[in-house]
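# Understanding the architecture of this molecule
The chain contents come next:
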Amino acid sequence: MDKSRQAHARHAPELLVRDALRGFRYAVRRSTHLFANADQSTLPQPIGEITSRIAKKIDSVSQEAEYMSSSVIGGPLKKAALPDKAFFGQDGYDPNAADRAPREAAAALYFGLSWSARQLGCDDMLLSETICLECVERLGNNALQGSASEMADMLACDIIDRRAFRLFAPAAADPQSLRFRVTVGSAYTAALWFFAPRGIAAGSEEDLLDNCCAIIRDHLDRIIQIRTGSGSTERLFEELIDIV
Amino acid sequence: MTRLPQIKFPHSRDRPVRKVARSLRWFLEAFSSQVNGISSETGLHFDIDKQKLRTVFLTWVKLFEAQKPSEPKQKIGYITFSAAMMLSELIDGNPIRIIRKPENANTDIPLYYWPEGYVYVAFCMNVRSAVLAQDLNIDVDAAPPFDDIRTWWSFRENAREDSSTAIGFFELFVGDDPKWSGPKLFSPSHAETNTDRMLERAQKHLTD
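Conventions used here
Residues numbered from 1 in each chain as written. Chains lettered and ligands numbered in written order. Predicted model: local features only at pLDDT ≥ 70, side-chain atom pairs only at ≥ 80, totals over all residues. Heavy atoms only, no water. Patch = residues over 30% accessible without salt bridge, like charges linked within 9 Å, V, L, I, M, F, W, Y side chains within 5 Å. Areas by Shrake-Rupley, 256 points an atom, 1.4 Å probe, with all protein chains shown as cover. Salt bridge = Lys/Arg side-chain N within 4 Å of Asp/Glu carboxyl O. Lys, Arg positive; Asp, Glu negative; His and termini not counted. Charge placed at Lys NZ, Arg CZ, Asp CG, Glu CD. Helix = DSSP H or I, 4+ residues; strand = E, 2+ residues; numbered from the N terminus. Buried < 20%, exposed > 50% of the residue type's maximum accessible area, 1.4 Å probe, protein only. Core = buried A, V, L, I, M, F, W, Y, C linked by side-chain atoms within 4.5 Å. Contact = heavy atoms within 4.5 Å. Bend = angle between axes of the 7 residues up to and from the residue. Axes fitted to C-alpha atoms, helices over the stretch in contact; angles between N-to-C directions. Parallel < 35°, antiparallel > 145°, perpendicular 65-115°, else oblique. Left-handed = near helix turned anticlockwise from the far one by under 90°. Nonpolar A, V, L, I, M, F, W, Y, C, P; charged D, E, K, R; others polar.

## A look at a negative patch on the surface
All names here are of chain B.
- Together, Asp 92, Glu 157, Glu 161 and Asp 162 make up a negatively charged patch on the protein surface.
- One can find Asp 92 in helix H4 (residues 72–93).
- Here Asp 92 falls in the exposed class, since its relative accessible area comes to 54%.

## Some remarks on the nonpolar core
- Among the nonpolar cores identified, the biggest contains 129 residues, and Leu 109 and Phe 194 of chain A together with Leu 90, Phe 123, Trp 152 and Phe 155 of chain B are the most heavily contacted of them.
- When residues in this core are grouped by element, the largest group, 12 residues, is from helix H6 (residues 115–136) of chain B.
- Ignoring anything within four residues of it in the chain, the contact list for Leu 109 of chain A reads Cys 132, Cys 135, Val 136, Leu 155, Ile 159, Ala 190 and Phe 194 of chain A.

## Some points on helix H8 (residues 205–228) of chain A
- Remark: the principal bend of H8 of chain A, roughly 60°, maps to His 219 of chain A.
- The positive-phi residue at the C-terminal boundary of H8 of chain A is Ser 230 of chain A, with phi of around 60°.

## Things to note about the environment of Ala 201 of chain A
- When you line up the elements, Ala 201 of chain A lands in the loop between helix H7 (178–195) and H8.
- Beyond its immediate stretch of four places on either side in the chain, Ala 201 of chain A contacts Pro 10, His 11, Arg 25, Trp 26 and Glu 29 of chain B.

## Section: the packing of H7 of chain A against H8 of chain A
Residue and element names in this part refer to chain A.
- Axis separation between H7 and H8 bottoms out at 7 Å; the angle between their running directions is 130°. Comparing the axis directions of H7 and H8 gives the class oblique. Handedness of the crossing formed by H7 with H8: right-handed. Seen from H7, the contacting residues are Phe 180, Arg 181, Val 184, Gly 185, Tyr 188, Thr 189, Leu 192 and Trp 193; seen from H8, they are Glu 205, Leu 208, Leu 209, Cys 212, Cys 213, Ile 215, Ile 216, Leu 220, Asp 221, Ile 223, Ile 224 and Arg 227.
- By residue class, the composition of the contact of H7 with H8 is 14 nonpolar, 2 polar and 4 charged.

Written as structure tokens, this is what we have:
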């Protein structure tokens, strides 16, 4: 962990604990799932049955630990629902607005990312609450001189480069793989949603997120091409913010 | 001239229709408003496939940007051309489906003959006329072929085979000369001729 991340993490130790427990549970669940799908007839009995029981027990213990941590910590991010319509200003998210708590924005970001990942075809990605908060805090530190497209570009790049989606390394992944496309697509969808101007048409935030996702899906090949060539997607965000 | 079916345009934050029509949110809501308006006036009921409608918009906006002219006079002609391109994409994507129509509907009336096509044409004509009204202060309605069932027979048959022919029919419906060859390519000279004719008609309309 680098120094800057340690500095941010100190502000939210409970998020780190939650992320660790969720990561542990995610790994256990994936292993259990792999085991459940394996051909158990290849294992001599009773070893197959015992191993299956152990895996299920570990899953249930890890689930309990995660639930307990939630109740003790109080569910760090209220991330299960869309933010209130008033949360975003006329020009989208304003990191400098006095009444915009970073945690509220991090929860919105978490929601946007997990929702987009499902829309784009992956419902088993592990998202870090801590890194969502870090990305939002970095926006606040750099937002004074930024245009909407600059901030959107910074947010999307941060989500990918700081690996908000855990247990997956975009830099080492095949750009054609589903997980890579979902990671990049979700980051760009959430960033576009954050910085799209409001007040055009009367649709809900969910409609807006749907539209952002459709636009990013349509431009995903171009986005990946620009990123692979180490180019900036700020100009592209300018175009996309105009057509949301 | 025939009055067009009513439409209620969505909020635009004071952006002109010319600009806000290139926003997906605005497009979806304006199109839904057109569908609802026609439904409440006619007893026709439609199902809208939002995903298909989004695809139509995203394809259209790329085509729009690809041929956008810079000359002011060509820009006027481009208003009709881009509305006609939108019609072609709507017919191609076909994002609505009729789910109920009145019993004994008279299919000699274009609306009941091809309800989906009628909605697409009405929407594109309404957007075009809103842009012309805002930008040039010209009030336009539909030309006689819009009510002519024989034109609609030909329109539906041709457009179902090749949606780009819808561009020529759209020009007929607005009172322009149609360009049947290479309709998806914007022709500045063709557009300028039609613009002159439209301005003459508008002038005549004012003095009548």
